[in-house]
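Structural overview for review
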Amino acid sequence: MVNYMGKLDGKVAIITGAGSGIGRATALLFAQEGAKVVVVDINDAAGEETVKMIKDGGGEAIFIHADVSKAEDVKNMVQKTVEKFGGLHVIVNNAGIVGEMIDTANYPEETFDKVIAVNLKGVWLGIKYAVAEIIKSGGGSIINVASIGGLIGFPGISAYCASKAGVIALTKAAAIEYAKHNVRVNCIAPGVIETPLSTKPFAKLTPEIMEAHISRIRLVPMGRMGKPEEVARVALFLASDDSSFITGAVITVDGGMVAW
Ligand SMILES: NC(=O)c1ccc[n+]([C@@H]2O[C@H](COP(=O)([O-])OP(=O)(O)OC[C@H]3O[C@@H](n4cnc5c(N)ncnc54)[C@H](O)[C@@H]3O)[C@@H](O)[C@H]2O)c1
């Protein structure tokens, strides 16, 4: 007999930054594969819209407002998830911001702090508060969304690159710590993906930095931007038992951009 179960049937998954882009695509795909999805965002209207899309498609989801850079919010996000769904198996620490696009010496200190707080501390808080619940639920998967900016340099966004390199290092350390508890910790490093995050900031770039970015994008061997769904499918792989022997990994989803 063929078993037609979804890949995440019976699983509870938190996805941060699920009101837009990669997070929304991941939330929709996880729900389609049977997960009970907790949509988290600071943008309530966008988060509620993702929940509506899931429910309209026959899936199960709730919205929880949380700023991932605030410990109280993240703690509350995990507590409410467990109260509502009785456990937690997967967290996708996806929420992130680019910050401003300015060279390193002129980068504003408060923006630097904000980028690190959301992109790096936010991932750490997600692991910190979720991991005990995932262990209690019998184990599961933590997926951190880094960036190829954590592997190679991009002019004008050094704070972003530093935060994402931090996410990669954090992923590896946590993977070793929690492997014995049946919790896998991996990260995805997307390349240029067509979402508001990658398209909006370009409007403000100086011509020189713009040219540097454009010439980089021209180097994508596959010759195009990625789609949020193409990242979501990798998140599904990492969330499901299909990746049962993978932990501490960094998976690039970039059309070959860092293969150069
Ligand atoms: N789009 C790309 O090209 C690209 C490339 C590499 C990595 N990434 C990473 O993928 C992740 C998702 O990016 P995206 O392109 O889907 O962006 P996006 O801007 O489309 O979506 C990000 C979502 O995160 C939410 N958010 C922002 N700050 C938050 C906070 N403090 N707490 C909770 N939610 C918050 C936003 O409201 C938004 O809904 C980010 O971590 C980003 O760095 C994106």
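Note: the structure precedes this text.
Note that the structure is predicted; figures quoted are calculated from it, not measured.

**Remarks on the overall build of the chain**
Scanning the chain from N- to C-terminus turns up 8 helices and 7 strands. Taken over C-alpha atoms, the radius of gyration comes to 18 Å for the chain, in line with the 18 Å a tight globule of 260 residues would show. Principal-axis analysis of the C-alpha atoms places the extent of the chain at approximately 55 × 40 × 40 Å. Within the chain, the fraction of its 260 residues that count as buried is 47%. Across the chain, every contact between residues at least 6 apart in sequence was considered, and the portion connecting residues at least 24 apart equals 74%.

**Re the environment of Asp-242**
Along the chain, Asp-242 turns up in the loop between α8 (228-239) and β7 (250-253). Residues Asp-242 and Ile-127 lie 115 residues apart in sequence; the distance between their C-alpha atoms is 22 Å. Look past the residues within four positions of Asp-242 in its chain and what remains in contact with it is Lys-7 and Phe-237.

**Quick notes on the site of the ligand**
Within the structure, the ligand sits among 28 residues, and Gly-17, Gly-21, Gly-96, Thr-195 and Leu-197 are positioned closest to it. Those elements giving two or more residues to the shell around the ligand turn out to be α1 (21-32) and α6 (196-199). Along the lines of polarity and charge, the residues of the shell around the ligand split into 13 nonpolar, 13 polar and 2 charged.

**Comments concerning the sheet that holds strand β3 (residues 60-65)**
Here we have 7 strands laid out as an open sheet, ordered β3-β2-β1-β4-β5-β6-β7, and parallel in their pairing. Across the chains shown, the open sheet's two edge strands, defined by having one partner strand only, are β3 and β7. The average undirected angle you get between the axes of adjacent strands in this sheet is 20°. Summarising the sheet, strand β4 (residues 90-93) and strand β5 (residues 140-145) pair through 4 bridges and their orientation is parallel. Its bridge partner being in β5, Val-92 is matched across the sheet by Ile-143. α1 rests against β1 (12-16), β2 (36-41), β3, β4, β5 and β6 (183-190) of the sheet, and its axis sits at about 165° to β1. Contacts from helix α2 (residues 44-56) reach β2 and β3, with the element oriented near 175° to β3.

**Section: the nonpolar core**
Counting residues in each nonpolar core, the largest one holds 76 residues, and the members touching the most others are Ala-13, Phe-30 and Val-37. Broken down by element, the residue count for this core peaks at 10 residues, all from helix α4 (residues 109-136).

**Quick notes on unusual backbone geometry**
Backbone geometry places Asn-182, a non-glycine residue, at a positive phi of 65°. Turning to its location among the elements, Asn-182 is positioned in the loop between α5 (158-178) and β6.

**What about the packing of helix α3 (residues 71-85) against α4?**
Two elements in contact, α3 and α4, have axes whose closest approach is 9 Å; the angle formed by their N-to-C orientations is 25°. Between α3 and α4, the crossing angle belongs to the class labelled roughly parallel. Judged by the sense of rotation from one axis to the other, the crossing of α3 with α4 is right-handed. Residues Ala-71, Val-74, Lys-75, Val-78 and Val-82 of α3 form the contact with α4, whose own contacting residues are Leu-125, Gly-126, Tyr-129, Ala-130 and Glu-133.

**Considering the packing of α1 against α2**
With their axes 10 Å apart at the nearest point, α1 and α2 run at an angle of 25° to one another. Accordingly, the angle class assigned to the pair α1 and α2 is roughly parallel. Crossing hand, α1 versus α2: right-handed. Judged by residue contacts, Arg-24, Ala-27, Leu-28 and Ala-31 of α1 engage Thr-50, Met-53 and Ile-54 from α2.

**Focus on α1**
Here α1 is 12 residues long and its end C-alpha atoms lie 17 Å apart, about the 16 Å a rise of 1.5 Å per residue gives. Counting buried residues along α1, 11 of its 12 residues qualify, which places the element largely inside the surrounding structure. Taken together, the buried positions of α1 are Gly-21, Ile-22, Gly-23, Arg-24, Ala-25, Thr-26, Ala-27, Leu-28, Leu-29, Phe-30 and Ala-31. Just downstream of α1 lies Gly-34, where phi reads positive at about 100°.

Definitions and cut-offs
- Residues numbered from 1 in each chain as written.
- Predicted model: local features only at pLDDT ≥ 70, side-chain atom pairs only at ≥ 80, totals over all residues.
- Helix = DSSP H or I, 4+ residues; strand = E, 2+ residues; numbered from the N terminus.
- Rg over C-alpha atoms; globule rule 2.2 N^0.38 Å.
- Buried ≥ 20, exposed ≤ 12 C-beta atoms within 10 Å, placed from the backbone.
- Contact = placed C-beta atoms within 7 Å.
- Near = placed C-beta within 6 Å.
- Nonpolar A, V, L, I, M, F, W, Y, C, P; charged D, E, K, R; others polar.
- Pairing = 2+ DSSP bridges.
- Axes fitted to C-alpha atoms, helices over the stretch in contact; angles between N-to-C directions.
- Core = buried A, V, L, I, M, F, W, Y, C linked by C-beta atoms within 7 Å.
- Parallel < 35°, antiparallel > 145°, perpendicular 65-115°, else oblique.
- Left-handed = near helix turned anticlockwise from the far one by under 90°.
- Expected span 1.5 Å × (residues − 1).

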